[in-house]
Amino acid sequence: MNVTRRHILRLAGASTASAALAGAIRAEGGNFSILPDYQGMFATSTPLHVRDVTLKVRDLETMIGFYTEIIGLAVLDQAGASTRLGVDGITLLTLEHHPEGQPEGPMAAGLYHTAFLLPSRADLASWLIHTAMAQYQFRGFADHRVSEAVYLDDPEGNGVEVYADRDPAFWTWDGTRIVMGSEAIDFDGLLALTDTQSDTFSAAPSGTRIGHIHLRAGNIPAAGDFYGVALGLDTTSGREDALFLSSGRYHHHVALNTWESLGAGQRNAGATGLAGFTLSAIDEATLNATRERLAAAGIDLKEEAGSLTATDPWGTLVTIAKA
């Protein structure tokens, strides 16, 4: 089987494929694809960064199958109703079995997508061929100037992004704001980096991590108060319906939008989907500073074994733990 751009786009559905193909044709020979390839993980070198995500799922075996066979994570541990998956022995995703849980609606606050960051563009190309050969449905593709990203949903509708960063030396900043966009992805440049006739992606490569998490929020001001003021993340981009924040001048570690969830209130604790996520603090000083900001903002904290857990305005648990 020889995977081509058109083959991949057919797996994205008619409307997405048509728009992406037209954009890709316009973008051929564009500037982004000629930038040097980057192999690095700036996302996880910052004072705060995303460590892991926990999902509540109905069909545990199907979900394990997706995250191992499509995303390439390894099962690290299964204990009772909880399964930990990851790379390099490091937990990136925990699946909690809730067979009676009701699916969380798209208009509720919650998870927009979990973003798995691969170490290089070549790794993204290899994964793209692997997923296309598995005939798994894509949801979209984008060149964000700072990264190249592929979007899909897991079997229970949780959004997933798989992406590779560009060299941070080539990111464009306007003061404290990062310049991002949603350009057509360079399929031809990606496919040139890998074997398009065989599946060489046997597992997520060493170094794969969660680069960021994107959430659905009820309103942006409350999102900024919690994730910016209380947690201490810096705003890197935003508008009235979306907010992007990071630590240490990464393009974003946490994003929130109200595209479908404007006005959403507290989440249904019995629903499936996002249970919570962990931010890793690079040292004790960062953890202490985060504790002080949360306390000053009047956020209730649970402290246990060197970690802090707070609840965002919509009921998502956010844990801050020392690396």
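My aim in this report is to walk through the structure given alongside it, one point at a time. If you're wondering where the values come from, they're calculated on a predicted model, not measured in any experiment. (Residues numbered from 1 in each chain as written. Predicted model: local features only at pLDDT ≥ 70, side-chain atom pairs only at ≥ 80, totals over all residues. Heavy atoms only, no water.)

**Some words on the pairing of strand β17 (residues 307–311)**
The buried fraction of β17 amounts to 4 of the 5 residues, a majority that puts the element mostly inside the structure. Of the pairings in the sheet, the one linking strand β16 (residues 302–304) to β17 comprises 3 bridges and is antiparallel in character. Each bridged residue has a counterpart across the sheet, and for Glu 304 the counterpart in β17 is Ser 307. Counted between consecutive antiparallel strands, the loop separating β16 from β17 contains 2 residues, among which Ala 305 sits at a positive phi close to 50°. As judged from the 5 bridges shared by β17 and strand β18 (residues 317–322), these two strands associate in the antiparallel manner. (Buried < 20%, exposed > 50% of the residue type's maximum accessible area, 1.4 Å probe, protein only. Helix = DSSP H or I, 4+ residues; strand = E, 2+ residues; numbered from the N terminus. Pairing = 2+ DSSP bridges.)

**A look at the sheet that holds strand β15 (residues 273–281)**
One open sheet holds the 8 strands; their spatial order is β2-β3-β4-β1-β15-β18-β17-β16, and the pairing between them is mixed. The sheet terminates laterally at β2 (74–79) and β16, the two strands that pair on one side only. Strand-to-strand twist in this sheet, taken as the mean axis angle between neighbours without regard to direction, amounts to 20°. Of the pairings in the sheet, the one linking strand β1 (residues 48–57) to strand β4 (residues 90–97) comprises 5 bridges and is parallel in character. The residue of β4 that forms the bridge with Lys 56 is Glu 96. Helix α7 (residues 284–296) rests against β1, β15, β16, β17 and β18 of the sheet, and its axis sits at about 145° to β18. (Axes fitted to C-alpha atoms, helices over the stretch in contact; angles between N-to-C directions. Contact = heavy atoms within 4.5 Å.)

**Digging into empty space enclosed by the protein**
Following the criterion strictly, the structure yields 2 cavities of 30 Å³ or more and no others. Of the volumes computed, that of the second largest cavity is approximately 30 Å³. Taken together, Ala 109, Gly 110, Leu 215, Arg 216, Leu 256, Arg 267, Asp 312, Trp 314 and Thr 316 form the lining of the second largest cavity. Along the lines of polarity and charge, the residues of the lining of the second largest cavity split into 4 nonpolar, 2 polar and 3 charged. (1 Å grid on protein atoms, 1.4 Å probe; cavity = no way out; pocket = protein on both sides within 12 Å on 5 of 7 lines; lining within 4 Å. Points joined across faces, edges and corners; volume = space filled by probe spheres on them. Nonpolar A, V, L, I, M, F, W, Y, C, P; charged D, E, K, R; others polar.)

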